[in-house]
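Report on the structure
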Amino acid sequence: MEKVLVIDANARCSGKRFATLDVIGVGPRLITALLKSYGFEAVLHPYENIINNPKLVKNYDVVAVSFMVSDIVAVQKLLKSLKRFRENRGLVVLGGPGTLDEDVLKILDFDVAFIGEAEYTFHYLFHRCGYRSFRELVHEIGNSREVPKGLAIKRGNNVVSGGLGYWVPKDLLFKVIPEINDVKNYPYYWACRIYVEVVRGCSNFCRPSITGLCSECGICNSKDLSKRVVCPAGIPPGCGYCNVPLVHGYARSRDIYSIVEEVHKLIDLGATRIVLSAPDFLDFGRDAKVQDILTDPCNPSPNIDMIEKLLEELTNIEQVSEGKASISIENIKACLVNREVAEVLGKYLKNTAIYIGLESCSNKLLNIVGRPSKCEDVLNAIKLLVNKGLRPYVYLIHGLPHEDVEDIKKTIGVIPLLKDLGVERIVLYRFRSLPRTAFEKIDKVVEAIDPEIVKYREILKEEVRKFNSYRKMELIGRHIDVVIASKHHKHQHYLVGYPLTHGPVTLIKTSKRYIGYLARVKIVKALSDRIVLGEIIHIKQKIVKNL
Ligand code: SF4
Ligand code: SF4
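Residues numbered from 1 in each chain as written. Chains lettered and ligands numbered in written order. Predicted model: local features only at pLDDT ≥ 70, side-chain atom pairs only at ≥ 80, totals over all residues.

In this section: the sheet that holds strand S7 (residues 151–155). Strand order across the open sheet formed by 7 strands is S3-S1-S4-S5-S6-S7-S8, with mixed pairing between neighbours. The sheet is open, and its two edges are formed by strand S3 (41–46) and strand S8 (158–161), each paired on a single side. On average, each strand axis in the sheet is tilted by 25° relative to the strand beside it, whichever way the strands run. Relative to S7, strand S6 (residues 112–114) is paired through 3 bridges, and the arrangement is antiparallel. Residue phenylalanine 114 lies in a different strand from S7, and its bridge partner there is leucine 151. Set on the sheet, helix H1 (residues 27–37) makes contact with strand S1 (3–8), S3, strand S4 (62–66) and strand S5 (91–95); between it and S3 the angle comes to about 165°. (Pairing = 2+ DSSP bridges. Helix = DSSP H or I, 4+ residues; strand = E, 2+ residues; numbered from the N terminus. Axes fitted to C-alpha atoms, helices over the stretch in contact; angles between N-to-C directions. Contact = placed C-beta atoms within 7 Å.)

Moving on: the site of ligand 1. Close to ligand 1 lie Arg207, Cys214, Ser215, Glu216, Cys217, Gly218, Ile219, Cys220, Cys231, Pro232, Ala233 and Ile235, which account for all nearby residues. Of the residues in the shell around ligand 1, the class split is 8 nonpolar, 2 polar and 2 charged. (Near = placed C-beta within 6 Å. Nonpolar A, V, L, I, M, F, W, Y, C, P; charged D, E, K, R; others polar.)

The buried count for S4 comes to 5 of 5 residues, which makes it a mostly enclosed element. Because side chains alternate across S4, one face comprises the buried residues Val62, Ala64 and Ser66, and the other comprises Val63 and Val65, equally buried. Note: S1 against S4, 5 bridges, orientation parallel. Paired with leucine 5 across the two strands is valine 63, which belongs to S4. Of the strand pairs in this sheet, S4 and S5 are connected by 5 bridges, and their pairing is parallel. Within the sheet, the bridge partner assigned to valine 62 lies in S5 and is leucine 91. (Buried ≥ 20, exposed ≤ 12 C-beta atoms within 10 Å, placed from the backbone.)

As structure tokens, then:
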């Protein structure tokens, strides 16, 4: 069987990661495991391992690159470095969110690209059609008239696409446990946030308001949940800037035992920071509460029993209960947070960070975007969560289509309130139109270049920066547990530590022999709105045995 090298190029932008250096995502691990399940010999490496040592590819028949649209330059550099591999008839396969953009595929040199979810497409090709290798697949499809759904190939300079892949049916979803062992190929994997998928897809099948397209037929709010899937006007489901519901479908939960098994294995390997990954963690188990498919973002309420069972099992893992590893959750939607939910999250996840999307404090804008929660819902959710000991991180976005000065002023106006409520960090994004979203076609021409808007956007950025700096200052004197990952890439006398339960990057001036240790540090200085300086109080334990 062919040997496939899976390369994780996600978030490498033009070839280097500048933020979230401590993240190991789900996608490439899942693809590696899926390939193995079809008999391929697959190995996963992060981008840096290959770009720094391209000779590694010579042992493989196929290189499979996972990337996002914003990583096109990094992928171009990678493919350029694989010239010899290509000359020796090595195949290049692309996958991940980057393949959703046909313009990106036109630019890149590849043999076959997977578009959307891969499980069904793999099943179709390697089981139903019976292809035994990528070479056979490329040869057959290259000569056939039609390209199957979920695939694209290059004919000369043209991309021939079968379109977006099918949403994975339940009997094929979560059938393999994502690759565990190759996590070791990532630098300081023991200190990284390793994402473990618990829910696929999103329940928000509301639509953004697109004037001139929407006929206000009301189907996307229908009581018949399966009717919400198709909008007669062709407007994609979900928030206007997001393609999760269109690409990954409605929310489907993973089996508790499979999640626990994966987390167990990762922790046994040395992982210390597990993040339960889902477009909305509170969708976990909610699909079991509806007869139909889960396309309503706010009703029914969360499945408290299943959430509690999962969190109980995970926090009972020895290393977690002893404080040597942490479990946290990724995103939640405000409209699903109530007193009971906050209580359960507080019981199992106290002192961990939790991400919640506010995006804007203009309800007019939130309505245009198709957000299921209003500003007040988010503020209320934050209050409940802080009350139970969680540490909310709040997303804001600027530059959305139809945003005006009043909208930005409202968002600026809510920042002091976020401070009073106890939000730990604000993550501010600039809107970028993504492929296969409702706002895909909204380009810069529509975006007002009103100098007042530009001025208020700058004020918003500055207020967020001040907020985050202030929060870092407040940390001075606090004691936190950090996992010491590496030397700092610029300041070699400092080591980089990542807080066990998430938080700011912590620099520590100490001997490099403490790399691979869990340590209690005292924060002594805020170095920026993202980084603090810490001093070791005591070393708690060595995490990695044979460094
Ligand atoms: S289904 Fe489509 S056309 Fe109908 S109300 Fe929703 S967005 Fe408008
Ligand atoms: S932004 Fe979140 S809630 Fe909105 S569609 Fe995407 S995943 Fe769903």
